[in-house]
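Each chain, letter by letter, is given below.
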Amino acid sequence: MAGSTVSILMLARGDAPRASRSREEIERYLATTGFTFEILVLEESTYGPALRRGISEAKGGVIVVVDSALPYPVSAIGDAVAMIESGATDVVFGARQGRGGEPGALIRWMLVPDLPDTSLRLQAFSSPSAKLVAAESKLAGDDCDLEVGFLVNKYGFRVERLHVDTSGGGKPRLGPLRGLAAAFRILLTNRNMGYRAARRCPVCFSPEVWTCAQIPGNVIRACSRCKCRYLNQFGEEEETGPVRRVLRPHPVATYAPEQQHSDPARGKTSRRRIAALRKQLPAHARILEIGVRGGTFGMVVSPEYDYVGIDRAPTVARSARARGLEVYCATLANFVNTGPPFDAVVSFHVFENMADPHDALSRIKELLKPGGTLLLTTFDTEGLLYLLTERKRMAQNFRTHLILYSRSAIIELLEHSGFEIDAIGPDFEYRDHKLLRHIVAGRWPWLAPLVKIILKVLPDPLLAGTGSIRILAKRRAGPALNVRAIRSAEPTHAR
């Protein structure tokens, strides 16, 4: 961290001697940290324009906005810089303990939950985030801080709070009435497209996306139109260019034995799935499975059908071939079908890992013959089980997934990609008792003894709901619809 460059933007207040002492104190402190730093003084009477000008002139990799009165310890500046330099966040807002000087609950509800504390005026930004937000902000007074908090959420930057001790100074600069008026102006500007559009939803291309949660190293975005959730991550090479969405999969997680499905449970689940598909298939049909995993589904269907599987993990593909299955180490993008078109394509909780769902469905359609069947299972963000557990399991849901779909979004996506929905319903899987006991003990320990007694009289494995949906769709003949043209003509979502 010794090579870090820091730009300090100091708000010049009326007390010139106090401002001079604060500047000297900041310089002495930063000299002990080893930072390469600069201090730029802003005029309070024109706070918004001065802030934008200061950020545009700042040369540091981290930009910190401080109050010359320093109502907090000078070490808070170093803490904020360290949080950003560590890569843990893009933006840091200083805050008192217990939300002392933050905007009221009504203003946070109107805008976003994380807004700067206007009584402290301690904010730190990575250089790319500061320059984007400053370029889009428009307000001139102290309400510019509310606009900054709104914009960093709009554009998907990670925000963390830094709780600091105060020395009694620092009064809120925005009263309730001024804060509400500023919130209305910000919302009206956003509605009139006064700000640059946010990165669009990868499913429906809507700009109505917002940060719904933060997980380690990433931000989860929610689309207000299609109700999907997806990862949002910035590329490290994007220093000054336009911000764009980059979806990156996480490494495949490893699980303890009690967290895994047993082979009997997987086998019964696979037989249940092929039973739902059997009515759609002719004898000796060709089936392609995307994402083989343990190869259980292939072992169940290969005696009856011509089975082919693909998986991007070399170890999984080798393990499946060792069991006598025709499995290739490939992704959907680079897989080449050397035989006739497939009668069916199946994908079980793999579609959530594909960064471009439109391209994926287009490739699946090319692999299917006209009238061929697509069977896929995926999470449902509109389902009751997901809504009840979303907050607690947010990080776990996105450990390997990139996009989680709502029922209405996946239906619309399939129909606009050249498929016709044949059946849709909840997806049930068989779970062995060991896994169920582990789940209950981890979430509701007080309920574990009772569940253990109940499970003794129930069959093992047990059929259970997972909060997912199972969709059967058939490929229509002819080209897919122009989805982007549809989005421009149909801005509303038929529910």
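Residues numbered from 1 in each chain as written. Predicted model: local features only at pLDDT ≥ 70, side-chain atom pairs only at ≥ 80, totals over all residues. Heavy atoms only, no water.

A. Summary view of the overall build of the protein chain. The helix and strand inventory of the protein chain stands at 17 helices and 17 strands. Across the 495 residues that make up the protein chain, the buried fraction comes to 52%. When the accessible surface of the protein chain is totalled, it reaches about 22,800 Å², and 55% of it is carbon and sulfur. (Helix = DSSP H or I, 4+ residues; strand = E, 2+ residues; numbered from the N terminus. Buried < 20%, exposed > 50% of the residue type's maximum accessible area, 1.4 Å probe, protein only. Areas by Shrake-Rupley, 256 points an atom, 1.4 Å probe, with all protein chains shown as cover.)

B. Just the side chain of glutamate 136, in detail. Summarising the element assignment, glutamate 136 is placed in helix 5 (residues 127–136). Under the relative-accessibility criterion, glutamate 136 is labelled buried at 10%. Of the polar contacts made by the side chain of glutamate 136, one reaches the backbone nitrogen of arginine 196; its length is 2.7 Å. Residues contacting glutamate 136, with those up to four places away along its chain left out, are Glu147, Leu151, Tyr155, Tyr195 and Arg196. (Polar contact = N/O pair within 3.5 Å; in protein donor to acceptor, adjacent residues only side chain to side chain. Contact = heavy atoms within 4.5 Å.)

C. Up close: the sheet that holds strand 1 (residues 5–12). A sheet is described by the order of its strands in space; here 6 strands give the open sequence 2-1-3-5-4-6, paired in mixed fashion. Unpaired on one side and paired on the other, strand 2 (36–43) and strand 6 (159–163) mark the two borders of the sheet. The sheet shows a mean angle of 20° between the axes of neighbouring strands, direction not considered. Examined bridge by bridge, strand 1 and strand 2 share 8 bridges and lie parallel to one another. Across the sheet, residue isoleucine 8 finds its bridge partner in strand 2, namely isoleucine 39. Against the sheet, helix 2 (residues 47–57) contacts strand 1, strand 2, strand 3 (62–67) and strand 5 (123–126), and its axis sits at roughly 155° relative to strand 2. Running at roughly 40° to strand 5, helix 6 (residues 144–154) makes contact with strand 4 (91–95), strand 5 and strand 6 of the sheet. (Pairing = 2+ DSSP bridges. Axes fitted to C-alpha atoms, helices over the stretch in contact; angles between N-to-C directions.)

D. The sheet that holds strand 15 (residues 403–404), seen in detail. Taken in spatial order, the 4 strands make up an open sheet running 7-8-9-15, and their pairing is antiparallel. Both edges of this open sheet fall to strand 7 (209–215) and strand 15, since each of them pairs with a single strand only. In the sheet, strand 7 pairs with strand 8 (residues 218–223) via 6 bridges, with the strands oriented antiparallel. Looking across to strand 8, one finds that alanine 213 is bridged to isoleucine 220.

E. Looking closely at helix 10 (residues 314–322). Within helix 10, burial applies to Val316, Ala317 and Ala320. Seen from one end, helix 10 has its buried residues packed into an arc of 100°, which puts them on one side. Away from its buried face, by an angle of more than 90 degrees, helix 10 presents the exposed residues Thr315 and Ala322. Turning to helix 10, the residues buried within the fold contact strand 11 (306–311) and strand 12 (327–329). Remark: glycine 324 follows helix 10 within two positions and exhibits a positive phi of approximately 90°. (Arc of directions from axis to C-beta.)

F. Here's a closer look at the environment of arginine 200. As for its placement among the helices and strands, arginine 200 is situated in the loop between helix 7 (176–191) and strand 7. Residue class for arginine 200 comes out partly exposed when judged on its relative accessible area of 43%. In terms of polar contacts, arginine 200 uses its side chain to reach the backbone carbonyl oxygen of phenylalanine 205, at 2.8 Å.

G. Representation of the packing of aromatic side chains in the model. By the definition in use, this model includes 5 aromatic pairs. Their ring planes at 65° and their centres at 5.1 Å tell us that phenylalanine 297 and phenylalanine 348 sit as a pair that is edge-to-face. Placement of the pair is phenylalanine 297 in helix 9 (residues 296–301) and phenylalanine 348 in strand 13 (residues 342–348), with a sequence separation of 51 residues. With respect to class, phenylalanine 297 is no different from phenylalanine 348; both count as buried. (Phe/Tyr/Trp six-rings, centres within 6.5 Å; stacked < 30°, edge-to-face > 60°.)

H. Quick peek at the pattern of salt bridges. Scanning the model with the defined rule gives 16 salt bridges in all. Where aspartate 114 meets arginine 161, a salt bridge forms, and the shortest distance between an N and an O atom there is 3.6 Å. Separated by 47 residues along the polypeptide, aspartate 114 in the loop between helix 4 (105–110) and strand 5 and arginine 161 in strand 6 bring together distant segments of the chain. Glutamate 304 is paired through a salt bridge with arginine 278; the nearest N and O atoms lie 3.1 Å apart. Remark: arginine 278 occurs in helix 8 (residues 263–278) and glutamate 304 occurs in the loop between helix 9 and strand 11; sequence separation between them is 26 residues. Here glutamate 304 falls in the partly exposed class, since its relative accessible area comes to 34%. Residue arginine 278 is classed as partly exposed on the basis of its relative accessible area of 35%. (Salt bridge = Lys/Arg side-chain N within 4 Å of Asp/Glu carboxyl O.)

I. Summary view of a positive patch on the surface. Residues Lys434, Arg437, Lys452 and Lys456 make up a contiguous surface patch of positive charge. As for its placement among the helices and strands, lysine 434 is situated in helix 15 (residues 433–443). Since its relative accessible area comes to 48%, lysine 434 is described here as partly exposed. (Patch = residues over 30% accessible without salt bridge, like charges linked within 9 Å, V, L, I, M, F, W, Y side chains within 5 Å. Lys, Arg positive; Asp, Glu negative; His and termini not counted. Charge placed at Lys NZ, Arg CZ, Asp CG, Glu CD.)

J. Fine view of unusual backbone geometry. Here the amide bond leading from aspartate 460 into proline 461 is cis, since omega sits at 5°, within 30 degrees of zero. In this structure, proline 461 sits in the loop between helix 16 (448–455) and strand 17 (462–475). Its identity as a non-glycine residue notwithstanding, arginine 121 has a phi of 50°, on the positive side. Here arginine 121 shows up in the loop between helix 4 and strand 5. One non-glycine residue, methionine 193, lies in the positive phi region at around 60°. With respect to the helices, strands and loops of the structure, methionine 193 is situated in the loop between helix 7 and strand 7. Methionine 193 sits in the exposed class, given a relative accessible area of 64%.

K. Structural view of the pairing of strand 13. A large share of strand 13 lies buried, amounting to 7 of its 7 residues. Here strand 10 (residues 286–290) pairs with strand 13 via 4 bridges, running parallel. When the bridges of strand 13 are listed, leucine 288 appears paired with valine 345. The pairing of strand 13 with strand 14 (residues 368–379) spans 6 bridges and is classified as parallel. In the sheet register, valine 345 faces strand 14, and the bridge partner there is leucine 374. In this region the chain leaves strand 13, passes through helix 11 (residues 357–367) and returns to the parallel neighbour strand 14; the handedness of that crossover is right-handed. (Right-handed = clockwise from strand over helix to strand, strands pointing away.)

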